[in-house]
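Analysis of the macromolecular model
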Amino acid sequence: MKRLLFMSAVVVLLAMGILAGCSKDEILDTYNQAIQAAGDAQLTGNWSLEGKRKYGVDHYTGTYTADYEGFSGTEYLFGGTSIDREAGNKIEVICNLSITDGTAKLVLQSGSDAPQTLIESTGYYSETIELPPAGNYILVEGGEFTGSIELEIK
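Because the structure is a prediction, the values reported are computed rather than measured. (Residues numbered from 1 in each chain as written. Predicted model: local features only at pLDDT ≥ 70, side-chain atom pairs only at ≥ 80, totals over all residues. Heavy atoms only, no water.)

1. Overview of the overall build of the chain
Which entries qualify depends on this criterion: Helix numbers and strand numbers start at the N terminus; a helix is a DSSP run of H or I with at least 4 residues, a strand a run of E with at least 2. Relative accessibility thresholds used throughout: buried, under 20% of the residue-type maximum; exposed, over 50%; partly exposed, between the two (1.4 Å probe, protein chains only). Throughout, a residue-residue contact means that at least one pair of heavy atoms, one from each residue, lies within 4.5 Å. Here the Shrake-Rupley method, with its probe set to 1.4 Å, supplies the accessible areas, and only the displayed protein chains count as covering residues.
On a plain count of helices and strands, the chain comes out with 2 helices and 6 strands. For the chain, the N- to C-terminal ordering of α and β elements is α-α-β-β-β-β-β-β. Residues counted as buried form 38% of the 154 residues belonging to the chain. Excluding contacts between residues fewer than 6 apart, the proportion of contacts in the chain whose partners are at least 24 apart in sequence is 70%. When the accessible surface of the chain is totalled, it reaches about 9000 Å², and 54% of it is carbon and sulfur.

So, in C-alpha cells, the structure goes:
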C-alpha cells in the first residue's frame, strides 16, 4: 500500500513538472526529493529507539548510543533513499559494540542486495563504505540483546 501511494505521488509530481514546463534537471531534482522523503520514512522514529540518535549533515550520518536490556528486534538508525546524495556517496562507519548476552549485529542494507553484516561480536569496527544510488540503511538487529553500542557515521 505504501509503495502504491509513493509511486502515485511520484507520477503526479513528474506529470506536474512536465505540464509546468520544468527542465529535465528540475524534474530529476523533484523526483530525488520525493524518493528521499520516502526513504526517511523507513528510519525508526526517535521515540521508538532504545538509545539516543543525533543526525549529522543528513539522515545518513550522525551518532547513536544505546544500552540494551533483552532487546529483540530491528532499529533502522541511519540512511535513506537517494539518487544523488548531496554529501557524496561515501560514509565512514565507526562502531563499538559490547554484547553481554544474546546476539546483536550492525548491518548495512543496500538496495536489493543481501544485508551485509558489519560487526556481530563484541569489539570495534571502522570502515569507509561507498553507497550505491539506492536505498541504503544502517541498522541494529538484536536477539535478546543485552549490551551497548556506540555508533558514529560521518
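2. With respect to the pairing of strand β4 (residues 116–119)
Consecutive side chains along a regular strand alternate between the two faces of the sheet. What counts here: In this analysis, strands are considered paired if DSSP registers two or more bridges between them.
Examined bridge by bridge, strand β3 (residues 90–110) and β4 share 3 bridges and lie antiparallel to one another. Residue pairing across strands places L106 opposite I119, the latter belonging to β4. If you look at the hairpin formed by β3 and β4, you'll find 5 residues sitting between the two strands, and G111 has a positive phi there, around 55°.

3. Quick notes on unusual backbone geometry
With phi around 50°, E144 is a residue other than glycine that occupies positive phi space. Relative to the helices and strands, E144 is located in strand β6 (residues 135–153).

4. Section: the environment of G102
Here G102 lies in strand β3. In this structure the C-alpha to C-alpha distance between G102 and G70, which are 32 residues apart in sequence, comes to 7.5 Å. Not counting chain neighbours up to four residues away, the residues in contact with G102 comprise G143, E144 and F145.

Limitation: the analysis is restricted to geometry and does not speak to function.
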